[in-house]
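Coordinate analysis (summary)
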Amino acid sequence: MHKIFPFLQWLSTYEKSFFSKDLLAGIIVGIILVPQGMAYAMIAGLPPVYGLYASLFPVLTYVFFGTSRQVSVGPVAMDSLLVAAGLGTLAISGIENYILMAIVLAFSVGFIQIVLGIFRVGFLVNFLSRPVISGFTSAAALIIMFSQLKHLLGVSIPGSNKFHQMLINVFEHIKDFNPYDLGIGLIGIVLIVLLKKWDKRIPSILIVVFIGIIAVYFGGLENKNVKLVGEIATGLPSFSMPEVNLKNVKEIWPIALTLALVGYLEAISIGKALEEKSGEETLDANKELIALGTSNIVGSFFQAFPITASFSRSAINAEAGAKTNLAAVVSVIMVAVTLLFLTPIFYYLPNAVLASIIMVSVFGLIDVSYAKSLWVYRKDEFIVLLLTFLITLLVGIKEGILLGVLFSLLLMVYRTSKPHFAVLGNIKNSDYYKNVNRFGDEVILREDLLIVRFDAQLYFGNTGFFKKELYKLIKGKGSSLKGVILNAEAINYIDSTAANMLIKVIKETQENKLQFYIAGAIGPTRDIIFSSGIIDVLDNEHLFVKTKEAVAYFDNPDAVSALGSKVAYQNTLNGN
């Protein structure tokens with residue numbers, strides 16, 4: 001049962017001292033979750049109340065299935081933007097149909113996450129490299145911020161997922177701005193920023209919401225055409241099955257897959273970061289996929305749009321001292337109380353206040369320092385980040401992240417096709433053999449022996465590079481060369497194409513009166529050397545554990561110890 005319901009693990013060891021900390025953390029996160037949920041629903045193009053719906057049953061479901069004890073799930077800015085971007089490309093008529101598709105999207109995201117979790121393919125998220133995520137989130141943050149300008153200015157501005165088009169639309173309508181909306185929004189931004197700098201424990205978002213409501217109610221700002229949230233449906237969401245059909249699935253599966261992977265990445269990265277701080281490791285990658293998937297599916301039965309872990313709320317939850325997922329139950333209760341009794345209060349909440357909350361929240365997603373460090377130390381990865389950023393910003397959200405992953409994979413393929421190829425020499429007065437380019441005068445170079453190290457797996461993509469570089473070095477040695485030693489310590493795999501190439505290279509070097517040796521191969525690589533036929537073209541005892549043994553054998557065939565020979569030729573699938 002503990003494997004199916006992870007909450008039983010912390011429930012069985014729950015201490016009385018935890019309750020006060022969970023209660024306080026749950027109240028603080030609940031206070032923030034109500035306005036944030038409404039704000040993120042607006043990003044997704046949905047009525048604010050759907051943000052509260054997404055903060056109920058999905059969060060409660062995660063309590064039972066989630067493996068992290070401090071992660072706070074619910075509506076988040078990134079997923080909300082992806083929802084808007086994905087559904088915005090479809091021909092959807094009317095807000096009712098739009099809401100329907102958002103709910104179907106939540107079900108689809110949950111289904112994909114559960115399937116990925118069952119088949120234990122959470123590793124797919126590893127293809128979303130940090131440069132891709134950084135470029136994508138930075139661009140998405142800018143898009144989110146500028147999408148809120150219509151609420152900050154109090155004007156109707158056509159939406160777009162392309163940054164340059166958003167700028168054009170803003171400049172075309174900026175002359176019609178409402179100074180009261182702008183003033184409320186700017187004051188909200190300043191207050192949130194200042195209060196956070198003063199003391200992070202201060203509920204700045206709640207204070208700004210309270211001030212905004214009071215200002216509208218007592219200041220008569222409703223008569224000044226200030227845009228308000230307006231009437232919010234009272235009561236909990238009713239249970240209903242999402243209308244999933246083949247047509248809907250065909251239309252939304254690309255954005256559903258994107259949301260499933262991005263949402264999972266956010267949850268895992270947040271969970272790992274919190275575990276590093278707390279020192280308590282409970283996160284299970286594949287179980288987390290199932291937890292998020294179940295939360296999204298259950299949420300779709302109660303009119304919720306896709307959810308995942310929140311950076312800001314999870315950090316606040318941890319800082320407030322949450323010990324278990326019981327804190328999330330307290331947050332859910334607060335959202336439920338709001339829906340049952342407090343929604344009339346939010347009638348007077350200005351949209352500009354929600355816009356200020358969103359703009360401050362997502363500003364932290366723009367990571368300039370990481371881009372600077374890549375520019376200095378990893379220019380190739382900086383290019384991946386920049387391309388992802390520009391495509392997301394100027395072409396589209398989905399295109400940005402998908403092409404970013406493609407660029408990242410192409411960079412990986414390029415690197416493995418031309419890996420580091422080092423010539424080794426003996427460090428004076430030692431048994432070490434190191435890169436001659438790094439140790440200079442400390443290395444003894446021999447004219448009669450070439451020692452090389454290939455720092456990657458050998459596969460079809462780099463066989464040509466290996467052969468070309470090796471022959472270039474052999475030619476450079478000239479007629480004095482008598483032997484070649486391949487240090488295979490870094491070669492963890494040899495595919496069939498590379499094995500055939502290596503067999504040909506060994507035969508050709510032997511035909512040219514050169515001895516060929518392999519040293520340092522780990523167990524799995526030795527298995528391949530035996531099973532692929534490479535061992536058949538090596539002369540007797542030309543496979544060694546250490547480079548120094550290969551050199552010793554080259555100088556004196558009787559110098560190799562019986563133990564070294566036995567270890568080198570130990571053919572076992574469990575070898576090291």
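Rules and cut-offs
Residues numbered from 1 in each chain as written. Predicted model: local features only at pLDDT ≥ 70, side-chain atom pairs only at ≥ 80, totals over all residues. Heavy atoms only, no water. Core = buried A, V, L, I, M, F, W, Y, C linked by side-chain atoms within 4.5 Å. Buried < 20%, exposed > 50% of the residue type's maximum accessible area, 1.4 Å probe, protein only. Helix = DSSP H or I, 4+ residues; strand = E, 2+ residues; numbered from the N terminus. Contact = heavy atoms within 4.5 Å. Pairing = 2+ DSSP bridges. Right-handed = clockwise from strand over helix to strand, strands pointing away. Expected span 1.5 Å × (residues − 1). Salt bridge = Lys/Arg side-chain N within 4 Å of Asp/Glu carboxyl O. Phe/Tyr/Trp six-rings, centres within 6.5 Å; stacked < 30°, edge-to-face > 60°. Lys NZ or Arg CZ within 6 Å of the ring centre and 35° of its normal. Polar contact = N/O pair within 3.5 Å; in protein donor to acceptor, adjacent residues only side chain to side chain. 1 Å grid on protein atoms, 1.4 Å probe; cavity = no way out; pocket = protein on both sides within 12 Å on 5 of 7 lines; lining within 4 Å. Points joined across faces, edges and corners; volume = space filled by probe spheres on them. Nonpolar A, V, L, I, M, F, W, Y, C, P; charged D, E, K, R; others polar. Axes fitted to C-alpha atoms, helices over the stretch in contact; angles between N-to-C directions. Parallel < 35°, antiparallel > 145°, perpendicular 65-115°, else oblique. Left-handed = near helix turned anticlockwise from the far one by under 90°.

1. Side note on the nonpolar core
Counting 117 residues, the largest nonpolar core has Met38, Leu46, Leu87, Leu105 and Leu349 as the members making the most contacts within it. Ranked by residues supplied to this core, first place goes to helix α12 (residues 246-278) with 13 residues. Discounting residues that sit within four places of it in the chain, Met38 has contacts with Pro48, Gly51, Leu52, Val229, Ile232, Phe346, Leu349 and Leu354. One finds Phe466, Ala521, Ile528 and Ile534 within the second-largest nonpolar core, a separate group that totals 38 residues.

2. Regarding the pairing of strand β8 (residues 515-519)
Walk down a regular strand and you will see the side chains alternate between the two sheet faces. Burial within β8 is extensive, with 4 of its 5 residues counted as buried. Bridge analysis of strand β7 (residues 483-487) against β8 gives 5 bridges, and the strand direction is parallel. Of the residues in β8, the one forming a bridge with Leu486 is Ile518. With helix α22 (residues 496-511) bridging β7 and its parallel neighbour β8, the resulting β-α-β unit is right-handed.

3. Overview of helix α6 (residues 95-118)
Spanning 24 residues, α6 covers 35 Å between terminal C-alpha atoms, matching the ideal 34 Å at 1.5 Å per step. Positive phi shows up at Arg120, right after α6, with a value of about 55 degrees.

4. Describing the pattern of salt bridges
Taken as a whole, this structure holds 8 salt bridges when the rule is applied. In this structure, the salt-bridge partner of Asp431 is Lys548, at a minimum N-O distance of 3.4 Å. Of this pair, Asp431 sits in the loop between β3 (421-427) and β4 (433-435) while Lys548 sits in helix α25 (residues 547-555), and the two are 117 residues apart along the sequence. Overall, Lys548 belongs to the partly exposed group, its relative accessible area being 33%. Close ionic contact of Arg453 with Asp455 constitutes a salt bridge, the shortest N to O distance being 2.7 Å. The class of Arg453 is buried, set by a relative accessible area of 19%. Among the charged side chains, a network of salt bridges with common partners joins Asp380, Glu381 and Arg415.

5. As for the packing of aromatic side chains
Within the structure shown, the criterion is met by 19 aromatic pairs. A ring pair is formed by Tyr217 and Tyr348, whose centres lie 5.1 Å apart and whose planes are at 85 degrees; its orientation type is edge-to-face. Of this pair, Tyr217 sits in helix α11 (residues 204-219) while Tyr348 sits in the loop between α15 (326-342) and α16 (351-363); the two residues are 131 residues apart in sequence, bridging distant segments of the chain. Accessibility expressed as a relative area gives 49% for Tyr217, which makes it partly exposed. Ring geometry for Tyr517 and Phe544: centres 6.0 Å apart, planes at 50 degrees, overall tilted. Taken as a pair, Tyr517 in strand β8 and Phe544 in strand β9 (residues 543-544) lie far apart in primary sequence, 27 residues in all. Of the two residues, Tyr517 and Phe544, neither departs from the other in class, the shared state being buried. The rings of Phe57, Phe107, Phe239, Phe301 and Phe302 are connected pair by pair, giving a single aromatic cluster. Residue placement shows Arg130 over the ring face of Tyr370; its charged tip is 3.8 Å from the ring centre.

6. What to know about the side chain of Thr61
Along the chain, Thr61 turns up in helix α4 (residues 57-65). A polar contact is formed between the side chain of Thr61 and the backbone oxygen of Phe57, at a distance of 2.7 Å. When residues no more than four places from it in sequence are discounted, the contact partners of Thr61 are Thr294, Ser295 and Val298.

7. Quick look at the layout of surface pockets
Approximately 440 Å³ is the volume attributed to the second largest pocket. Lining the second largest pocket are 24 residues, and of these Ile43, Ser147, Lys150, Gly159 and Ser160 sit closest to its centre. Looking at the lining of the second largest pocket, the elements that each hand over two or more residues are α2 (16-43), α5 (77-88), α7 (130-147), α8 (149-153) and α9 (163-173). For the lining of the second largest pocket, the leading source of residues is α5, giving 4 residues. In the lining of the second largest pocket, the residues fall into 14 nonpolar, 9 polar and 1 charged.

8. Things to note about the side chain of Ser356
Along the chain, the position of Ser356 falls in helix α16. Among residues more than four places away in sequence, those in contact with Ser356 are Gly185, Gly188, Ile189, Ile192 and Val208.

9. What about empty space enclosed by the protein?
Applying the stated criterion across every chain yields a total of 2 cavities of 30 Å³ or more. Computed from the structure, the largest cavity encloses a volume of approximately 90 Å³. Along its surface, the largest cavity is lined by 13 residues, and Ser72, Asn317, Ala327, Ala328 and Ser331 are the ones closest to its centre. Put simply, the parts of the chain that give the lining of the largest cavity at least two residues each are α2 and α15. Ranked by residues supplied to the lining of the largest cavity, first place goes to α15 with 3 residues. Partitioned by chemical class, the residues of the lining of the largest cavity number 7 nonpolar, 5 polar and 1 charged. Considering the residues around the second largest cavity, the lining is formed by Val59, Tyr62, Val71, Ser72, Val73, Asn325 and Ala328. Class assignment for the residues of the lining of the second largest cavity results in 5 nonpolar, 2 polar and no charged.

10. Structural notes on the environment of Val368
Considering the arrangement of structural elements, one finds Val368 in helix α17 (residues 368-377). For the pair Val368 and Ser138, spaced 230 residues apart in sequence, the C-alpha to C-alpha distance is 8.4 Å.

11. What about the pairing of β7?
Along β7, 5 of the 5 residues are buried, which leaves the element largely enclosed by surrounding structure. Burial along β7 is two-sided: Gly483, Ile485 and Asn487 and Val484 and Leu486, pointing in opposite directions, are all buried. With 5 bridges connecting them, strand β6 (residues 449-454) and β7 associate as parallel partners. Each residue of the ladder has a partner; that of Leu449, found in β7, is Gly483. In this view, the connection linking β6 to its parallel neighbour β7 by way of helix α21 (residues 463-477) has right-handed handedness.

12. Here we look at the packing of α7 against α16
If you want to describe how two helices pack, look at the angle between their axes and the distance between the axes. Closest axis-to-axis distance for the α7/α16 pair is 9 Å, and the angle between their directions is 165 degrees. When the axes of α7 and α16 are compared, the pair comes out roughly antiparallel. Judged by the sense of rotation from one axis to the other, the crossing of α7 with α16 is left-handed. For the pair α7 and α16, contact is made by Ala141, Ile144 and Met145 and by Ile358, Met359, Val362 and Phe363, respectively. Tallied by class, residues from the contact of α7 with α16 come to 7 nonpolar, no polar and no charged.

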